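Here is what each chain is made of, one letter per residue.
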Amino acid sequence: MVKVIVTVRLKPGVLDPQGQAVMKGLNALGYEAVADVRFGKQIELRLNLADEEQRNGHGRLKQSIDAMCRDLLANPVIEEYTFEIVKEEA
Amino acid sequence: MHFAVVAFPGSNCDRDCFYAFSEVLQQKTTLLWHRDPWPADIDCVILPGGFSYGDYLRAGAIARFSPIMKSVVEFAARGGLVLGICNGFQVLCESGLLPGALHKNKSLRFKCEKAYVRVERTDTPFTNQCAPQQVLELPIAHGEGNYYIDKEGLKRLLDRGQILFRYCTPKGEVSEAANPNGSLLNIAGICNERGNVVGMMPHPERNVEAFMGNQDGLYIFRSIIQAVGGQVRR
């Protein structure tokens with residue numbers, strides 16, 4: 001099995017009202033050095049590597065995850081994504 | 001003519017839309033569950049408001065994979081009329097039938113209030129019964145109605161006249177103060193390039209009878225009937 005950690009963020013330039021509200025909260029608590037807060041989400045997937053390679057071929061895991069991100073996990077109009085693949089012991 | 005109203009798990013304005021078309025406008029109307037087969041003689045399909053699939057991941061993101069959406073996409077490709085209201089607008093953007101995206105309101109508040117929108121075009125199947133620049137009073141009820149598109153996309157919308165409704169004051173002035181959610185250019189509703197797919201955040205189905213406050217929603221629904229060559233019976 002592999003674990004995939006996908007991080008989805010709002011693109012730079014897209015207003016993040018939630019981040020703005022939390023920044024104001026931090027500032028109000030006295031953390032005045034905080035100049036910006038941006039929210040994102042982390043999505044963890046577990047993939048069966050053998051199944052994945054059988055379906056999509058050897059060494060195509062990255063392309064496959066990239067497609068998942070584009071197709072569903074992120075909305076490319078307002079979001080960008082990165083991902084990390086972590087090998088797990090069976 | 002024949003209207004269809006699609007209900008996804010979590011839709012909550014499907015009955016209101018059904019009532020508006022079947023009872024108020026006396027049109028043949030079918031409520032379609034998202035797994036139902038597509039009737040062959042549909043003239044216009046409505047994707048109603050609500051919280052399809054609990055707004056999980058992003059509003060509208062999962063409804064796109066509902067079995068019925070394949071038919072909706074094919075119907076739109078054939079030139080069929082598609083109207084997405086509120087969550088329906090979000091579904092249309094997520095499914096790629098309309099450009100752009102709807103994200104969290106700038107205020108972070110769920111806005112449930114009266115809104116005014118100015119009709120920017122009257123030569124479309126959805127606005128032909130409106131006067132140029134007519135102001136419609138329609139309720140809004142959403143937390144994620146903040147329309148966003150990148151610069152090139154916005155230019156394309158403007159160049160092709162795809163902006164149909166913009167938030168305005170009761171007198172029709174499009175201003176920052178009249179913008180309830182932070183949408184770019186006060187955008188409340190847009191159409192695709194071909195003009196047969198429309199998404200809008202305000203709820204026309206909530207203003208169709210006098211007791212609701214006004215009947216401004218009927219301008220939009222009667223436009224559709226006119227466009228298809230149906231008869232307005234009331």
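Use the structure listed above.
Residues numbered from 1 in each chain as written. Chains lettered and ligands numbered in written order. Predicted model: local features only at pLDDT ≥ 70, side-chain atom pairs only at ≥ 80, totals over all residues. Heavy atoms only, no water.

*Asks:* I would appreciate a short explanation of the overall build of chain A in the present structure.
*Replies:* Scanning chain A for helices and strands turns up three helices and three strands. Reading chain A from its N terminus to its C terminus gives the helix and strand order β-α-β-α-α-β. A compact globule built from 90 residues would reach a C-alpha radius of gyration of about 12 Å, whereas chain A, at 17 Å, exceeds it by more than 25%. Put simply, chain A has 90 residues, and 29% of those count as buried. Residue pairs in contact within chain A that sit at least 24 positions apart in sequence constitute 68% of those at least 6 positions apart. Accessible surface, chain A: about 5800 Å² in total, of which carbon and sulfur atoms supply 52%. (Helix = DSSP H or I, 4+ residues; strand = E, 2+ residues; numbered from the N terminus. Rg over C-alpha atoms; globule rule 2.2 N^0.38 Å. Buried < 20%, exposed > 50% of the residue type's maximum accessible area, 1.4 Å probe, protein only. Contact = heavy atoms within 4.5 Å. Areas by Shrake-Rupley, 256 points an atom, 1.4 Å probe, with all protein chains shown as cover.)

*Asks:* I keep staring at the sheet that holds strand S2 (residues 40-47) of chain A and nothing clicks. Help me out?
*Replies:* Hydrogen bonding along the main chain pairs the strands of a sheet, whether they run parallel or antiparallel. Residue and element names in this part refer to chain A. Across the sheet, which stays open at both edges, the three strands sit in the order S2-S1-S3 with antiparallel pairing between neighbours. Edge strands, defined here as strands with exactly one partner in the open sheet, are S2 and strand S3 (79-87). Across the sheet, the axes of successive neighbouring strands diverge by a mean angle of 20 degrees, strand direction being ignored. Along the sheet face, helix H3 (residues 61-73) touches strand S1 (2-10), S2 and S3 and points at about 145 degrees away from the line of S3. (Pairing = 2+ DSSP bridges. Axes fitted to C-alpha atoms, helices over the stretch in contact; angles between N-to-C directions.)

*Asks:* Would you mind showing me how to read the side chain of B:Glu205 here?
*Replies:* All names here are of chain B. Its place among the elements puts Glu-205 in the loop between strand S11 (197-200) and helix H5 (217-228). The charged side chain of Glu-205 is buried without a salt bridge, its nearest counter-charge being Arg-206 at 4.1 Å. Of the polar contacts made by the side chain of Glu-205, one reaches the side chain of His-203; its length is 2.8 Å. (Lys, Arg positive; Asp, Glu negative; His and termini not counted. Salt bridge = Lys/Arg side-chain N within 4 Å of Asp/Glu carboxyl O. Polar contact = N/O pair within 3.5 Å; in protein donor to acceptor, adjacent residues only side chain to side chain.)

*Asks:* Whenever I open this one, the pairing of strand S10 (residues 187-191) of chain B confuses me. Can you help?
*Replies:* Where a strand is regular, its side chains alternate between the two sheet faces. Residue and element names in this part refer to chain B. The element S10 is largely enclosed, with a buried count of five among its five residues. In this sheet, S10 lies alongside strand S9 (residues 163-167) in antiparallel orientation, the contact comprising three bridges. In the sheet register, Ile-163 faces S10, and the bridge partner there is Ile-190. Bridging between S10 and S11 involves three bridges; their strand directions are antiparallel. Bridged to Cys-191 within S11 is Val-198. Remark: five residues form the turn of the hairpin made by S10 and S11, two consecutive strands paired antiparallel; Gly-195 in that turn has positive phi of roughly 90 degrees.

*Asks:* Is there a simple way to think about the interface of chain A and chain B in this case?
*Replies:* The extent of an interface is frequently quoted as the accessible surface area lost upon association of the parts. Listed as interface residues are 16 residues of chain A and, on the opposing side, 15 residues of chain B. Ranking the residues of chain A by area buried against chain B places A:Pro17, A:Leu72 and A:Val77 at the top, with a combined share of 36%. Summed over the shared surface of chain A and chain B, the number is one salt bridge. Here A:Glu79 makes a salt bridge to B:Arg58, at a shortest N to O gap of 3.7 Å. (Buried area = accessible area lost by both parts, 1.4 Å probe.)

*Asks:* Looking at this structure, how should I read the state of the cysteines?
*Replies:* Should the sulfur atoms of two cysteines be covalently bonded, the bond is a disulfide. All names here are of chain B. In the structure shown here, the tally under the stated rule is zero disulfides over all chains. Between Cys-13, a cysteine without a disulfide, and Cys-17, which holds the nearest cysteine sulfur, the sulfur-to-sulfur distance is 6.4 Å. With relative accessibility at 2%, the residue Cys-13 sits in the buried group. In this model Cys-168 remains outside any disulfide bridge; the closest cysteine sulfur is found in Cys-130, 12 Å from its own. Taking relative accessible area as the criterion, Cys-168 reaches 3% and is therefore assigned buried. (Disulfide = S-S within 2.5 Å.)

*Asks:* I would appreciate a short explanation of the environment of A:Asp51 in the present structure.
*Replies:* Tracing the backbone shows A:Asp51 in helix H2 (residues 49-56). Along the primary structure A:Asp51 and A:Arg70 are separated by 19 residues, whereas in three dimensions their C-alpha atoms are 21 Å apart.

*Asks:* Before we go on, may I ask you to explain the sheet that holds strand S6 (residues 111-119) of chain B in this structure?
*Replies:* Residues and elements named next belong to chain B. The nine strands are arranged S2-S1-S3-S4-S11-S10-S9-S6-S7 in an open sheet whose pairing can be described as mixed. Single-partner strands in this sheet number two, and they are strand S2 (28-33) and strand S7 (135-142). Neighbouring strand axes in the sheet, compared pairwise and without regard to direction, differ in orientation by 20 degrees on average. Its contacts with the sheet place H5 against strand S1 (2-7), strand S3 (44-47), strand S4 (81-85), S7, S9 and S11, and it is angled at close to 165 degrees to S4.

*Asks:* Where do I start with the pattern of salt bridges in this structure?
*Replies:* Opposite charge on two side chains permits pairing when their charged atoms draw close. Per the stated rule, a full pass over the model turns up 13 salt bridges over all chains. Close ionic contact of B:Glu120 with B:Arg166 constitutes a salt bridge, the shortest N to O distance being 3.8 Å. Placement of B:Glu120 in the loop between S6 and S7 and of B:Arg166 in strand S9 is noted, with a sequence separation of 46 residues between them. Judged by its relative accessible area of 24%, B:Glu120 falls in the partly exposed class. Among the residues examined, B:Arg166 registers a relative accessible area of 18% and is labelled buried. Here the salt bridges do not stand alone but share partners, grouping A:Glu79, B:Arg58 and B:Glu94 into one network.

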